[in-house]
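Topology and contacts: notes
If you want the building blocks of each chain, they are given just below.
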Amino acid sequence: MSFQKIIQFLEKIALLANLSEKEIQLLKNPDRVLKAELTVNGKKYSAYRVQFNNARGPYKGGIRFHPEVSEDEVKSLAFWMTIKTTVTDLPFGGGKGGVKVDPKRLSKKELEGLSRAYVRAFYQYLGPDTDIPAPDVYTNAEIMAWMLDEYEKATKTKAPAFITGKPLELGGSKVRDIATALGGVYVLEEAVKKTGLKEKNVAIQGFGNAGMNMAKLLAERGYTIVAVSDSKGGIHDAKGLNMNEVIKAKETKGTVTEYTKAAKISNEELLACSCSILIPSALSGVLTKENAQKVKAKMVLELANGPTTPEADEILWSRKVLVLPDILANAGGVTVSYFEWLQNKKNESWSEQQVKKKLQEKMVSAFEQIWKEFSDGKKSFRTAAYVLALKKIVDAEKKRKRI
Ligand code: NAD
């Protein structure tokens with residue numbers, strides 16, 4: 001979503017949250033927009049770090065390497081991170097970074113050079129108590145390890161809490177690999193309890209880190225996965241797909257469509273298929289004003305970032321479809337990032353069970369708070385989440401006398 005659209009959305013929510021003009025102005029503007037030109041092998045790449053707001057704690061947000069990265073996009077993503085860390089009550093603010101590059105065209109050595117150059121460009125503004133990066137689109141644990149090394153060299157410190165999403169050997173956290181999906185499961189289970197939803201037939205669009213882990217975790221919990229898809233298309237079986245076999249098809253042949261015991265469907269058909277729970281886990285903007293009327297699910301859990309357009313959101317709300325928004329539904333990743341940071345700070349290493357228990361507590365508590373705000377029946381669950389988050393940020397700003 002463009003930053004202009006975010007501002008419009010913010011103004012709408014600010015009215016419902018009863019914010020003053022001064023408070024809205026403060027929330028509209030990022031604290032700092034950092035830019036640099038990185039040179040690798042004689043080629044130049046535009047790089048950004050946006051520090052949106054740190055009223056509630058150090059800036060926190062991933063770094064993405066993608067050809068479409070722009071200052072506008074990084075600003076929008078940094079705003080969202082500010083909201084997301086607030087929704088789950090983490091002691092963080094929001095930030096985001098990006099480099100405009102097609103990483104698939106770089107050699108491994110160039111990729112490492114670019115990752116290190118990014119840190120050299122911005123390290124004075126980053127740090128365990130200042131701004132903590134993490135992986136995002138096309139960045140991973142290996143890149144986090146290079147970045148950590150470069151940061152420690154530049155600052156002559158040992159500082160594992162500078163970055164999250166690291167390999168376990170360098171202070172990464174257990175459960176980080178499935179954290180987004182598992183956080184989504186905890187949110188879904190609360191919503192199912194609260195609404196008394198009986199049918200547990202699930203359709204999942206996207207079968208990568210988020211979607212595949214979600215399918216696996218839900219199947220293990222007795223949900224029936226009736227449809228899944230990836231960029232090549234989807235498969236559907238009203239009686240339920242055999243998840244072990246679908247995962248095998250994806251891992252060995254590269255696509256879920258190689259699973260032969262189900263009917264083929266398109267990604268568009270998946271969104272409208274007969275199910276009670278729909279989980280978009282791939283791209284943004286897939287639920288639109290054109291297809292929102294056709295959605296048969298009673299609940300939509302947004303594991304992807306921004307899968308529902310504002311127009312579709314209105315339609316789903318008017319049709320009483322409960323949309324569990326991305327800022328809560330996929331916040332399991334940043335929550336376990338927080339646990340990683342905390343373990344590094346305390347020099348501890350938590351067991352898988354400890355991390356899962358703490359994740360569940362955080363997600364359930366966030367859900368409960370939003371549910372309370374939502375219960376007046378006057379606003380959607382998404383709006384309730386934003387209203388709560390904006391109020392919390394403003395309260396923190398008031399305490400530090402910025403407004
Ligand atoms: P991924 O790259 O691991 O997987 C993406 C999946 O989407 C793949 O299966 C791909 O085939 C599929 N896909 C691509 N184009 C498609 C199309 N046109 N139709 C249907 N499927 C398509 O990515 P991921 O990490 O699983 O992230 C997916 C979404 O979840 C993104 O919106 C991301 O921002 C969001 N998210 C992920 C995390 C995380 O920790 N992985 C955290 C927060 C949000």
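The notes below deal with the structure included here. (Residues numbered from 1 in each chain as written. Predicted model: local features only at pLDDT ≥ 70, side-chain atom pairs only at ≥ 80, totals over all residues. Heavy atoms only, no water.)

1. Quick look at the overall build of the protein chain
Scanning the protein chain for helices and strands turns up 14 helices and 13 strands. Relative to the globule expectation of 22 Å for 403 residues, the C-alpha radius of gyration of the protein chain, 21 Å, shows essentially globular dimensions. Across its three principal axes, the protein chain shows a C-alpha extent of roughly 60 × 50 × 40 Å. Going through the 403 residues of the protein chain one by one, you find that 59% of them count as buried. Relative to all contacts within the protein chain whose residues are 6 or more apart in sequence, the contacts with residues 24 or more apart total 67%. Put simply, the protein chain shows about 17500 Å² of open surface, and 49% of that area lies on carbon and sulfur atoms. Each charge class in the protein chain was averaged separately, 64 positive and 48 negative side chains, and the resulting centres sit 2 Å apart. (Helix = DSSP H or I, 4+ residues; strand = E, 2+ residues; numbered from the N terminus. Rg over C-alpha atoms; globule rule 2.2 N^0.38 Å. Buried < 20%, exposed > 50% of the residue type's maximum accessible area, 1.4 Å probe, protein only. Contact = heavy atoms within 4.5 Å. Areas by Shrake-Rupley, 256 points an atom, 1.4 Å probe, with all protein chains shown as cover. Lys, Arg positive; Asp, Glu negative; His and termini not counted. Charge placed at Lys NZ, Arg CZ, Asp CG, Glu CD.)

2. With respect to the site of the ligand
Around the ligand, a shell composed of 18 residues is seen, among which Thr180, Phe207, Asn209, Ala210 and Ala282 lie nearest. One of the backbone nitrogen or oxygen atoms of Phe207 is found 2.9 Å away from an oxygen atom of the ligand. In this structure, an oxygen atom belonging to the ligand sits 3.1 Å away from a main-chain N or O atom of Ser231. Relative to its free-state accessible area of 830 Å², the ligand is covered by the protein chains to the extent of 68%. Class assignment for the residues of the shell around the ligand results in 6 nonpolar, 10 polar and 2 charged. (Near = heavy atom within 4 Å. Polar contact = N/O pair within 3.5 Å; in protein donor to acceptor, adjacent residues only side chain to side chain. Nonpolar A, V, L, I, M, F, W, Y, C, P; charged D, E, K, R; others polar.)

3. Details of the packing of aromatic side chains
With the rule as written, the count across this model stands at 15 aromatic pairs. Here the aromatic cluster, defined as three or more aromatic residues joined through ring pairs, consists of Phe92, Tyr338, Phe339, Trp341 and Trp350. In this arrangement the basic side chain of Lys200 is found over the ring face of Tyr223, its NZ or CZ atom lying 5.4 Å from the centre. One cation-aromatic arrangement involves Lys358 over Trp350; the distance from NZ or CZ to the ring centre is 4.6 Å. (Phe/Tyr/Trp six-rings, centres within 6.5 Å; stacked < 30°, edge-to-face > 60°. Lys NZ or Arg CZ within 6 Å of the ring centre and 35° of its normal.)

4. Examining the state of the cysteines
Scanning the entire structure with this criterion turns up 0 disulfides. You can see Cys273 has no disulfide; the closest cysteine sulfur is in Cys275, sitting 4.3 Å from it. For Cys273, a relative accessible area of 9% puts it in the buried group. (Disulfide = S-S within 2.5 Å.)

5. Let's talk about the sheet that holds strand E8 (residues 224-230)
In spatial order, the strands read E10-E9-E8-E7-E11-E12-E13; together these 7 strands make up an open sheet with mixed pairing. Edge positions in the sheet fall to strand E10 (263-265) and strand E13 (322-324), since each of these pairs with one other strand and no more. Across the sheet, the mean angle from the axis of one strand to that of its neighbour is 20°, orientation sign disregarded. Along the sheet face, helix H6 (residues 179-195) touches strand E11 (277-280), strand E12 (299-301) and E13 and points at about 165° away from the line of E12. (Pairing = 2+ DSSP bridges. Axes fitted to C-alpha atoms, helices over the stretch in contact; angles between N-to-C directions.)

6. Quick look at the environment of Val256
As for its placement among the helices and strands, Val256 is situated in the loop between helix H8 (243-253) and E10. Under the relative-accessibility criterion, Val256 is labelled buried at 0%. Put simply, Val256 and Phe122 are 134 residues apart on the chain and 41 Å apart in space, counted from C-alpha to C-alpha. With residues up to four places along the chain from it excluded, the contact list for Val256 reads Phe207, Val228, Ser229, Asp230, Gly233, Ile235, Val246 and Lys250.

7. Some thoughts on the packing of helix H13 (residues 352-374) against helix H14 (residues 381-399)
In contact at an axis separation of 8 Å, H13 and H14 are set at 110° when each is read in the N-to-C sense. Compared by their axis directions, H13 and H14 come out roughly perpendicular. Residue-level inspection shows Phe367, Gln369, Ile370, Trp371, Glu373 and Phe374 of H13 in contact with H14, the latter providing Phe381, Ala384, Ala385, Val387, Leu388, Lys391 and Lys392. A breakdown of the residues in the contact of H13 with H14 according to their chemical character gives 9 nonpolar, 1 polar and 3 charged. (Parallel < 35°, antiparallel > 145°, perpendicular 65-115°, else oblique.)

From the geometry alone we can't say anything about function, so treat these as descriptive.
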